[in-house]
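Per-entry structural report
Chain residues, written in single-letter form:
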Amino acid sequence: MGTRAKRRTQKLFLGAFVICIMGFYSYTAPTLLATHSVSLAPCAPNSDTWNGSRRTLQEHRSCTPKVNLMFMKTHKTASSTLMNILLRFGEKHQLKFALPDGRNDFFYPSSFFRTQVKSYQPGMCYNIVCNHMRFNAPEVEKLLPADAFFFTILRDPAELFESSFHYYKGYIPQTWRIPGENQFKEFLRNPNQYFNPTGINAFYLKNLQFFDFGFENNLKSDDPRVRQGIEYIEKRFQLVLISDYFEESLILLKDALRWQMDDLMFFKLNARSVSSVSPMSPELRTQARQWNGADWQLYQHFNNTFWARVEAYGKRRMEEHVKELRRRNAEMEAICIDGGRAVEAKDITDTHMKPWQPLGKASILGYNLRTDIDQHYQELCRKMLTPEIQYLTNLGVSLWVTRLWGWFKDSVVQFGLS
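What counts, and at which threshold
Residues numbered from 1 in each chain as written. Predicted model: local features only at pLDDT ≥ 70, side-chain atom pairs only at ≥ 80, totals over all residues. Heavy atoms only, no water. Helix = DSSP H or I, 4+ residues; strand = E, 2+ residues; numbered from the N terminus. Expected span 1.5 Å × (residues − 1). Buried < 20%, exposed > 50% of the residue type's maximum accessible area, 1.4 Å probe, protein only. Arc of directions from axis to C-beta. Contact = heavy atoms within 4.5 Å. Phe/Tyr/Trp six-rings, centres within 6.5 Å; stacked < 30°, edge-to-face > 60°. Lys NZ or Arg CZ within 6 Å of the ring centre and 35° of its normal. pLDDT = per-residue confidence, 0-100.

Concerning helix H13 (residues 315-336)
For H13, with 22 residues, the first-to-last C-alpha span of 31 Å sits near the 32 Å given by 1.5 Å per residue. Within H13, the full set of buried residues consists of Met 318, Val 322, Leu 325, Asn 329, Met 332 and Cys 336. Here the buried residues of H13 occupy an arc of 85° about the axis, which is enough to place them on one side. Residues of H13 that are exposed and point over 90 degrees away from its buried face: Arg 316, Glu 319, Lys 323 and Ala 334.

Quick notes on the environment of Phe 246
With respect to the helices, strands and loops of the structure, Phe 246 is situated in helix H10 (residues 246-257). A C-alpha to C-alpha distance of 9.9 Å links Phe 246 and Arg 155, two positions 91 residues apart in sequence. The contacts of Phe 246, once residues within four sequence positions are left out, are Ala 78, Thr 81, Leu 82, Ile 153 and Phe 266.

Looking at the environment of Asp 374
Looking at the secondary structure, you find Asp 374 in the loop between H13 and helix H14 (375-385). Assessed through its relative accessible area of 47%, Asp 374 is described here as partly exposed. Remark: the alpha-carbon pair of Asp 374 and Ile 335, spanning 39 residues in sequence, is separated by 8.0 Å.

Observations concerning the packing of aromatic side chains
Applying the stated criterion to the full structure yields 30 aromatic pairs. On the numbers, 3.9 Å between centres and 10° between planes, the contact of Tyr 168 with Tyr 204 is stacked. Linking Tyr 168 in helix H5 (residues 157-168) with Tyr 204 in the loop between helix H7 (191-194) and helix H8 (208-212), this pair joins segments that are 36 residues apart in sequence. We classify Tyr 204 as buried; its relative accessible area is 10%. Geometrically, the ring pair formed by Phe 203 and Phe 211 is stacked, given 4.6 Å between the ring centres and 5° between the ring planes. Phe 211 matches Phe 203 in its accessibility class, with the two residues each being buried. Linked through ring pairs, Tyr 108, Tyr 167, Tyr 168, Phe 203, Tyr 204 and Phe 211 together constitute an aromatic cluster. The cationic tip of Arg 134 hangs over the ring face of Phe 211; the distance from NZ or CZ to the ring centre is 3.7 Å. The positively charged end of Arg 236 is found above the aromatic ring belonging to Phe 150, 3.7 Å away from the centroid.

As for the confidence of the model for the chain
Across the chain, the average pLDDT comes to 87, with 80% of residues at 70 or higher. Counting contacts from residues 27-41, a segment whose pLDDT is below 50, to residues more than four positions away or on other chains yields 24 contacts. Predicted confidence is poor over residues 44-55, with pLDDT under 50, and the contacts of this stretch with residues over four places away or in other chains come to 22 contacts.

Rendered as structure tokens:
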């Protein structure tokens, strides 16, 4: 057997092995969790205390920040950046997180169950839930006090689909056979030619946001169940943010939660390098929205409600507060970030600050901390720049499943396909 034929055989074997691993990872979770479902005591409301002290109801409503929070972390919507804000706020106020166990998500894409929470015991209550999950409201509600604030974030489905297609295609075997240099464009040229709704991880390829909320992602946009799903989300979530207007979203969140401006400061996390982004023509953007019709209906509805909230907040007031947030972020960039910008993973000197990379080409940017940070800002700078996986590890989450897959991805798959 020649060298080329031998290498082709090795790649075929490795590809089959990867598919088996991903299939096991994706499809065993629902079965395992089905045997793990038990009757548990509901979470008792406890909304009248803040830092251990009693307040009058009027004081509580007017000046006390809300701390019981459910953030439905959708995929590829700047949700990792928002999660970092929540983790820092929770640590600052010594709040109790409902964290996953073994992974950085709650056994996604299977539906969420309380028993997936690290060290869960019947009757336990938490302040914050913010990791990736496939939403299951009855189970989530039993983890939190009755006054918990539910919020989430959406993104234009054309932008989201471009991002998810490139980020996850290494995990979606049906994309591997798409020909041409621009697989994204070729897929949208005739999606039904390539799309198999029952394929491994196929949910990443159609209506991903609708899927994240627990709904069927293969519905046509005019299916009445799409409208029913939108109405359900509107009733369950007090605020739906729009990642395309991230700073305005944070200002609305600040207002709803009665937080301080300092609580909102952020750096973009889990962002891709410009070279990995496929430019979209107006025609391609339209095709992406049509293919993700349920997500487009979802986005249009909550984009309208978002701007209605901005109008109620006051456009001039919003502009002033966005400017203030940008000013504070710029100050922190100068204080914290070496070079003042994000860099490729290979250029990050501290391995603890390197972000998780998708299967395939490394494209997720990260940061280098300045070496001369004033002691007053050192802890804040490091937390603002710490990637999600490392932050969860610092909070005590044992990410052995995630790390095992990371080792296999980086040491075996990447080496074998190079």
